[in-house]
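Listed here are the chains, written in short residue letters.
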Amino acid sequence: MSNAAKFGKVAVLFGGKSAERAVSLDSGQAVLEALLRSGVQAEAFDPQDRSVTELVGYDRAFIVLHGRGGEDGQIQGVLEWLNLPYTGTGVQGSAIGMDKVKTKQIWQGSDLPTAPYRIVTKDTDLDAVIAELGLPVIIKPVHEGSSVGMSKVEKAEDFAAAIEKATQHDAVVMAEKWITGREFTISFLNGQPLPVIRLQPPADVAFYDYEAKYQRNDVEYGIPCGLSESEEKSLQALCLRAFQAVGAEGWGRIDAMQDEQGNFWLLEVNTVPGMTSHSLVPKAAQAVGYNFDQLCVAILEQTLATSA
Ligand SMILES: Nc1ncnc2c1ncn2[C@@H]1O[C@H](COP(=O)(O)OP(=O)(O)O)[C@@H](O)[C@H]1O
Ligand SMILES: [Mg+2]
């Protein structure tokens, strides 16, 4: 019997019904195929099509659901009740990580640097927000990922339309100070930071938006990231504190920026980041010798520690 038999029957949860369903279908299919190639008895499970009660009878779950329902503690809570070990972050850390404002509040309370922000509605005094945050700002739905519903606002007159656009995706919307500088992402495996990747969207896009993330192939990924060794270490140490502060576990990813003065600013944590073969966590893991299949097995191994 192969070593993979120790995992038993594994439900690979992907698809779901969030705005990031399409991305999850890609990530989940890649994970499923990797586990099957490694000899794991893995099966696709799409909670959009099937009742979660059908998870009874599996031995563990690999969660590749992005966004609401799958990355926010809901499915994690179901799995807790079913006594099924699952990959990644637990209920509370998932719920916090899905909420960009709660995440920031925890980071602020832990003395970790995160870009200044304000929650905004159509009734907010936008002049006061501009006086506080300056321009540009970036408008974000608080509970979405994949840059869904986001806009960069450079002129006061565009502010209201950007809020309106984000409101179509979420009841809670925030304006965040625009950080001019370089963008980095820090992946985690076994609770430890992997080498930092620099993201460089093409010059014609305002930021790393949905299209740049998934539909173009001209985003540049810097690994090594171009920071000095000591700067990279300090960014990893900062992100490790940030990861732990929100209660994230196992694997995940933190997005951060460095402003022109060299200061780092934390943007957000992803507790179920993209897992296609060209996603960022696999690129970072590759740099320390894990191919995609090995990475998927390593993430799944985390569930053995919690097995009864
Ligand atoms: N404060 C900011 N200043 C400049 N660019 C930002 C800022 N916040 C986000 N961005 C850009 O928008 C992208 C998406 O934002 P992020 O907070 O990571 O949300 P998500 O990835 O969940 O959609 C980032 O990768 C970055 O390119
Ligand atoms: Mg992000």
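Going by an unreviewed UniProt entry, the chain carries the name D-alanine--D-alanine ligase and comes from Acinetobacter higginsii. According to the UniProt record, the Sequence similarities (unreviewed entry) comment for the chain is "Belongs to the D-alanine--D-alanine ligase family."

Below, the discussion takes up the coordination of the magnesium ion (ligand 2). Looking at the magnesium ion (ligand 2), one finds its protein donor set to be Asp255 (OD) and Glu268 (OE), positioned 2.0 Å from the metal centre. Of the two residues, Asp255 is situated in strand 12 (residues 252-259) and Glu268 in strand 13 (residues 264-270); the sequence distance between them amounts to 13 residues.

This paragraph deals with the nonpolar core. Core analysis: the biggest nonpolar cluster contains 48 residues, and Val12, Leu13, Val31, Leu35, Phe62, Leu79 and Met275 have the highest contact counts within it. For this core, the secondary structure elements donating two or more residues are strand 1 (9-13), helix 1 (21-37), strand 2 (41-45), strand 3 (60-63), helix 2 (74-81), strand 10 (197-200), helix 9 (280-287) and helix 10 (292-305). Among the elements that line this core, the one with the most residues is helix 10, at seven residues. Three or more residues apiece are contributed to this core by two domains, here domain 1 (2-87 + 290-300) and domain 2 (95-111 + 179-286).

Bringing the sheet that holds strand 1 into the picture now. As summarised here, the arrangement of the three strands in space is 2-1-3, forming an open sheet in which the pairing is parallel. A single partner strand is all that each edge strand has here, and the edge strands are strand 2 and strand 3. Averaged over all neighbouring strand pairs, the angle between strand axes comes to 30°, with direction disregarded. When strand 1 meets strand 3, the two strands line up parallel, connected through four bridges. Within strand 3, the residue paired with Leu13 across the bridge is Ile63. Its contacts with the sheet place helix 2 against strand 1 and strand 3, and it is angled at close to 175° to strand 3.

The subject of this paragraph is helix 5 (residues 126-133). Of all the residues in helix 5, the buried ones are Leu126, Val129, Ile130 and Leu133. Buried residues along helix 5 cover an arc of 100° about the axis, so they all sit on one side. Opposite the buried face of helix 5, at more than 90 degrees from it, the exposed residues are Asp127 and Ala131. Residues of helix 5 that are buried in the fold lie against strand 4 (117-120), strand 5 (137-141), helix 6 (159-167) and strand 7 (173-177).

This next bit is on the site of ligand 1. The environment of ligand 1 is made up of 20 residues, and the closest members are Lys140, Ser147, Glu176, Glu183 and Lys213. In the model, an oxygen atom of ligand 1 is placed 2.4 Å from a nitrogen or oxygen of the Glu183 side chain. Protein chains shield 98% of the accessible area of ligand 1, which is 550 Å² for the free molecule. Broken down by secondary-structure element, the contributors of at least two residues to the shell around ligand 1 are strand 5, strand 7, strand 12 and strand 13. When the residues that make up the shell around ligand 1 are grouped by side-chain class, the tally is eight nonpolar, three polar and nine charged. When residues of the shell around ligand 1 are sorted by domain, at least three fall in each of domain 2 (95-111 + 179-286) and domain 3 (115-175).

Our focus in this paragraph is the packing of aromatic side chains. Taken as a whole and assessed by the stated rule, the structure comprises four aromatic pairs. The interplanar angle of 85° and the centroid separation of 6.1 Å between the aromatic rings of Phe45 and Tyr58 together place this pair among those described as edge-to-face. Of this pair, Phe45 sits in strand 2 while Tyr58 sits in the loop between strand 2 and strand 3, and the two are 13 residues apart along the sequence. Accessibility expressed as a relative area gives 6% for Tyr58, which makes it buried.

Along the chain, Leu135 connects to Pro136 via a cis peptide bond; the corresponding omega equals 0°. Of note, the amide linkage connecting Ile223 to Pro224 takes the cis form, showing an omega dihedral of 10°. Here Pro224 is to be found in the loop between strand 11 (220-222) and helix 8 (229-245). Even without a glycine there, the phi angle at Asp111 is positive, about 60°. Within the secondary structure layout, Asp111 lies in the loop between helix 4 (100-109) and strand 4. Look at Asp111 and you get exposed, because its relative accessible area is 70%. Phi is positive for Asn190, which is not a glycine, with a value near 55°. Locating Asn190 in the fold gives a position in the loop between strand 8 (181-189) and strand 9 (192-193).

Turning next to the sheet that holds strand 5. Strand order in the open sheet formed by four strands is 4-7-5-6, with antiparallel pairing between adjacent strands. Lying at the two open borders of the sheet, with one neighbouring strand each, are strand 4 and strand 6 (151-153). Pairs of neighbouring strands in the sheet enclose a mean axial angle of 30°, with direction left out of account. Sheet topology note: the strand 4/strand 7 ladder contains four bridges and is antiparallel. What sits directly across from Arg118, in strand 7, is Ala175. Across the face of the sheet, helix 4 comes into contact with strand 4, strand 5 and strand 7 while running at roughly 150° to strand 4. Packed onto the sheet, helix 5 meets strand 4, strand 5 and strand 7 and runs at close to 165° relative to strand 4.

Rules behind the numbers
Residues numbered from 1 in each chain as written. Chains lettered and ligands numbered in written order. Predicted model: local features only at pLDDT ≥ 70, side-chain atom pairs only at ≥ 80, totals over all residues. Heavy atoms only, no water. UniProt positions renumbered as here; feature names shortened; annotations may be inferred. Donors = N, O, S within 2.8 Å, 3.2 Å for Na, K, Ca; no water. Helix = DSSP H or I, 4+ residues; strand = E, 2+ residues; numbered from the N terminus. Core = buried A, V, L, I, M, F, W, Y, C linked by side-chain atoms within 4.5 Å. Buried < 20%, exposed > 50% of the residue type's maximum accessible area, 1.4 Å probe, protein only. Domains from an automatic or database assignment. Pairing = 2+ DSSP bridges. Axes fitted to C-alpha atoms, helices over the stretch in contact; angles between N-to-C directions. Contact = heavy atoms within 4.5 Å. Arc of directions from axis to C-beta. Near = heavy atom within 4 Å. Polar contact = N/O pair within 3.5 Å; in protein donor to acceptor, adjacent residues only side chain to side chain. Areas by Shrake-Rupley, 256 points an atom, 1.4 Å probe, with all protein chains shown as cover. Nonpolar A, V, L, I, M, F, W, Y, C, P; charged D, E, K, R; others polar. Phe/Tyr/Trp six-rings, centres within 6.5 Å; stacked < 30°, edge-to-face > 60°.

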